[in-house]
Amino acid sequence: MTAGRKALVYIPLVLAGIAFMFPFVVMVLGSFKKLDVALADPSFWIPDRPTWYNYGYIFNSGSMMRWLFNSLVITLVPVATQMFFAGVLGYIFAKKQFRFKETFFWCFMAMVMIPNQMLIIPKYIMFSKMHWINTYSAIIVPELWAIMGVFLVRQFMQTIPKDLEEAAYLDGAGDFKILFRLMVPLAKPALATVGTFAFISCWNDLFTPLIFTTSEKMFPLTVGLASLLTKEGNFGFEMAGAVISFVPTFLIFLFFQRYFTEGITMSGLK
């Protein structure tokens, strides 16, 4: 490829990258802006005197550590269980043969077509009768497993040669040993992808906790920051809250990026 053609390819990509990065730059720099600003000013997001005041105010709000704890609980538990069930069910649907296997699998997949918002009223009625409103159970239990996670791991495990499984059987290994000693290590990229998706989804979820939590003590970080920013209404607070909420998901994705990319590629989700 000549230099001219490379320029035609890379210049638009660089410009697109800058365009995608610009909101993040505004978010980070705006978080260091202390006072209310006029959004009509083109440079409203550039701090003239950078300060940590917004972060200090949010962390000293009194409930911040409780919100962080709640977010960790409702995020880490589903991440662990979704990875476990994705591994087990993915292995069953990929490698085992039983009657109506395809029917069961595609019935599971059909559930993906139902938007979560359509189920929120039946869930609320059911959880209310079970006295789960304003508890961790109402948020955690529906997220204990994810259909798309099972699909992704199934697709990945179908690429693993059956000869490895047959060799393990000949060596005397049972199904559980084959699953946890052979299949799960080989499917690490797919499982890491499931965990990444689960973490980002649960950590950033605002809708479900907003419906099922009623006291500030039970708010996760998303709902807590939304309530705090609603009371304060300050651009700097809003950007600082966005940065605080964004950093954990960014670090998780950065840490699992290699596995994430490999898992998406090998499972055929392109």
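Residues numbered from 1 in each chain as written. Predicted model: local features only at pLDDT ≥ 70, side-chain atom pairs only at ≥ 80, totals over all residues. Heavy atoms only, no water.

Topic: the packing of aromatic side chains
Heads up, the rule is: A pair of Phe, Tyr and Trp rings is counted when the ring centres sit within 6.5 Å of each other, with Trp represented by its six-membered ring. The angle between the planes then sorts it: under 30 degrees is stacked, over 60 is edge-to-face, the rest tilted. Counting from the N terminus, the helices are DSSP H or I runs at least four residues long and the strands are E runs at least two residues long. Accessibility here uses a 1.4 Å probe with only protein chains present; expressed as a share of the type maximum, an area under 20% marks a residue as buried, one over 50% as exposed, and anything in between as partly exposed. By definition here, charges over rings are those cases where NZ of Lys or CZ of Arg is within 6 Å of the ring centre and within 35 degrees of the ring normal.
Applying the stated criterion across every chain yields a total of 20 aromatic pairs. Measuring from centroid to centroid gives 5.0 Å for Phe-32 and Trp-52, while their planes differ by 85°, and the two rings are edge-to-face. Placement of the pair is Phe-32 in the loop between helix H1 (3–30) and helix H2 (53–59) and Trp-52 in the loop between H1 and H2, with a sequence separation of 20 residues. Note on Phe-32: relative accessible area 17%, which makes it buried. Residue Trp-52 is classed as exposed on the basis of its relative accessible area of 61%. Taken together, the ring pairs connect Phe-93, Phe-98, Phe-105, Trp-106, Phe-108, Trp-145 and Phe-151 into an aromatic cluster. The ring of Phe-105 carries the charged tip of Arg-154 above its face, separated from the ring centre by 4.0 Å.

Some details on a nonpolar patch on the surface
Worth spelling out the cut-off: Distance thresholds for patches are 9 Å for like charges and 5 Å for nonpolar side chains (Val, Leu, Ile, Met, Phe, Trp, Tyr), applied to residues having over 30% relative accessible area and no salt bridge. Computed with a 1.4 Å probe, the accessible areas rest on the Shrake-Rupley method; for each residue, only the protein chains presented here act as cover. Put simply, a salt bridge is a Lys or Arg side-chain nitrogen that is within 4 Å of an Asp or Glu carboxyl oxygen.
Among the surface-exposed residues, Val-9, Tyr-10, Ile-11, Leu-13, Val-14, Leu-15 and Ile-18 lie close enough to one another that they form a single nonpolar patch of about 700 Å² accessible area. Residue position: Leu-15 is located in helix H1.

A word on the layout of surface pockets
Keep this limit in mind: Using a 1 Å grid laid over the protein atoms alone, points where a 1.4 Å probe fits but cannot get out form a cavity; open sets with protein on both sides within 12 Å along at least 5 of 7 lines form a pocket; any residue with an atom within 4 Å of a point counts as lining. Grid points are joined across faces, edges and corners, and a volume is the space filled by probe spheres set on the points. In the scheme used here, Gly and all other residues not listed as nonpolar or charged are polar, with Ala, Val, Leu, Ile, Met, Phe, Trp, Tyr, Cys and Pro taken as nonpolar and Asp, Glu, Lys and Arg as charged.
The computed volume of the largest pocket comes to approximately 900 Å³. Pro-142, Glu-143, Trp-145, Ala-146 and Ile-147 are the residues nearest the centre of the largest pocket, which is lined by 28 residues in total. Of all the secondary structure elements, the ones that give two or more residues to the lining of the largest pocket are helix H3 (64–95), helix H5 (116–129), helix H7 (147–157), helix H10 (188–204) and helix H11 (207–212). Broken down by element, the lining of the largest pocket gets its largest block of residues, 5 residues, from H10. In terms of residue class, the lining of the largest pocket is built from 20 nonpolar, 5 polar and 3 charged.

Some details on the confidence of the model for the protein
Note the cut-off: The quantity called pLDDT is the predictor's confidence in a given residue, expressed from 0 to 100.
Across the protein, the average pLDDT comes to 85, with 91% of residues at or above 70. Here helix H14 (residues 257–267) stands out as the least confident element of the protein, with mean pLDDT 64; helix H6 (residues 136–140) is the most confident, with 94.

Overview of unusual backbone geometry
Although it is not a glycine, Phe-100 adopts a positive phi angle of roughly 65°. In the Ramachandran plot, Asn-134 falls in the positive-phi region, its phi being about 65° despite a non-glycine side chain. Looking at the secondary structure, you find Asn-134 in the loop between H5 and H6.

A short note on the nonpolar core
Convention followed: We call a set of buried Ala, Val, Leu, Ile, Met, Phe, Trp, Tyr and Cys residues a nonpolar core when their side-chain atoms join them within 4.5 Å.
Core analysis: the largest hydrophobic core is formed by 21 residues, its most contacted members being Tyr-55, Ile-58, Met-64, Trp-67, Leu-221, Leu-225 and Ile-244. Secondary structure elements with two or more residues in this core: H1, H2, H3, H10, helix H12 (221–232) and helix H13 (235–255). Ranked by the residues each element gives to this core, the list is headed by H13, at 5 residues. One finds Phe-156, Ala-173, Ile-178 and Ala-187 within the second-largest nonpolar core, a separate group that totals 17 residues.

Side note on the pattern of salt bridges
For the coordinates displayed, the defined rule picks out 3 salt bridges. Close ionic contact of Arg-154 with Glu-102 constitutes a salt bridge, the shortest N to O distance being 3.8 Å. Placement of Arg-154 in helix H7 and of Glu-102 in helix H4 (residues 101–110) is noted, with a sequence separation of 52 residues between them. Given a relative accessible area of 38%, Glu-102 falls into the partly exposed group.

Concerning H4
Our working rule: By construction, the arc corresponds to the directions joining the helix axis to the C-beta atoms. The contact rule is simple, with two residues in contact once any of their heavy atoms fall within 4.5 Å.
Within the sequence span of H4, burial applies to Lys-101, Phe-105 and Met-109. Projection of H4 onto a plane perpendicular to its axis shows the buried side chains occupying an angular sector of 65°, all on one side. At its buried positions, H4 is contacted by H3 and H7.

Remarks on the packing of helix H8 (residues 162–170) against helix H9 (residues 175–186)
Here is the rule: Under this scheme, a helix contributes an axis fitted over its contacting stretch, all axes are lines through C-alpha atoms, and angles between N-to-C directions fall in the 0 to 180 degree range. Each crossing gets its handedness from the near helix: less than a right angle anticlockwise from the far helix is left-handed, clockwise is right-handed.
Axis separation between H8 and H9 bottoms out at 10 Å; the angle between their running directions is 145°. Viewed along their axes, H8 and H9 form a crossing whose handedness is right-handed. Listed contacts from H9 to Leu-164, Glu-165, Ala-168 and Tyr-169 of H8 are Asp-175, Ile-178, Leu-182, Met-183 and Leu-186. Counted by class, the contact of H8 with H9 contains 7 nonpolar, no polar and 2 charged residues.

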